[in-house]
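Here is how the chains run, residue by residue.
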Amino acid sequence: MSAANGQPEGLGLESDRTEFILDLPLFYTGAFMQLIEYRDIADILELDAVDEKTDDFCLSAAWNALEKLTGFCLSERDNREIHTVKDNRIILDAVCISEIIQIKDLCLRQDITYFTVDYENKSVYFVPCKVEEHNMLVDYKSGFTKENFPNELKEALVKMFLYKNNNLRKMINGEEVIFDSSFLEQIKADINCYCRKRL
């Protein structure tokens, strides 16, 4: 048990090291249920309904770990960001941008309507170039839906769930839990294209 919070260690993952600790969101809202439900995992892995509460706990922990690993909120959400125009464009922070709601030029104090969006590269281009170095307030929607949630992330989530579930059951049974750093490195490699790029 962790002396800091009284919770068992060895179930979550931190982004700055390759070991797993318990890492659940403080206010778990079940947002990932929009993308993949417990029953989906249960059907794939033929899980026993008797263990549903334990399995659901591990699934939420796995989802939180996956979001930390990618550096993004993966489910649908509204975003508001301020960016400075460089080379006639801004680059948004979130993954899987679905809609630009509004862009306001904070220098001109007016809405901007003359722009194009490169959704793949998360970039907004302004034409003509009269707003260089201007600060833009951007409201937009991002995140995956159940229909377009990538298979690579689904597979990573299932693997993470199995890893955490196995470790939890070992701890409950008083067995030694051995952390496998190569497992995390393989997950990182498999979903690298969905991870936030850090300078």
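Thresholds applied
Residues numbered from 1 in each chain as written. Predicted model: local features only at pLDDT ≥ 70, side-chain atom pairs only at ≥ 80, totals over all residues. Heavy atoms only, no water. Pairing = 2+ DSSP bridges. Helix = DSSP H or I, 4+ residues; strand = E, 2+ residues; numbered from the N terminus. Axes fitted to C-alpha atoms, helices over the stretch in contact; angles between N-to-C directions. Polar contact = N/O pair within 3.5 Å; in protein donor to acceptor, adjacent residues only side chain to side chain. Contact = heavy atoms within 4.5 Å. Core = buried A, V, L, I, M, F, W, Y, C linked by side-chain atoms within 4.5 Å. Buried < 20%, exposed > 50% of the residue type's maximum accessible area, 1.4 Å probe, protein only.

> In this structure, what is going on with the sheet that holds strand 5 (residues 115-118)? I would like to understand it.
Through backbone hydrogen bonds, the strands of a sheet pair up, either in parallel or in antiparallel fashion. Pairing is antiparallel in the open sheet, where 3 strands are placed in the order 2-6-5. Each edge of the open sheet carries a strand with a single partner, namely strand 2 (89-91) and strand 5. Pairs of neighbouring strands in the sheet enclose a mean axial angle of 20 degrees, with direction left out of account. Summarising the sheet, strand 5 and strand 6 (residues 123-126) pair through 4 bridges and their orientation is antiparallel. Directly across from D118, in strand 6, lies its bridge partner S123.

> What should I look at first to understand the side chain of N165 in this one?
Among the structural elements, N165 can be located in helix 3 (residues 151-172). Of note is the side chain of N165, whose polar atom sits 2.5 Å from the side chain of R169. Contacts of N165, omitting those with residues within four sequence positions, involve D55 and C58.

> Hey, could you run me through the nonpolar core in this one?
Side chains that are nonpolar tend, in soluble globular proteins, to be buried together. Counting residues in hydrophobic clusters, the biggest one holds 31 residues, and the most contacted among them are L74, F144, L153, L157, M160, I187 and I191. Within the residue set of this core, elements represented by two or more residues are helix 1 (38-45), helix 2 (52-70), helix 3 and helix 4 (181-190). If you tally residues by element for this core, the top one is helix 3, at 8 residues. When neighbours within four sequence positions are excluded, L74 is seen to be in contact with L35, W63, L66, E67, V95, G143, F144 and L153.

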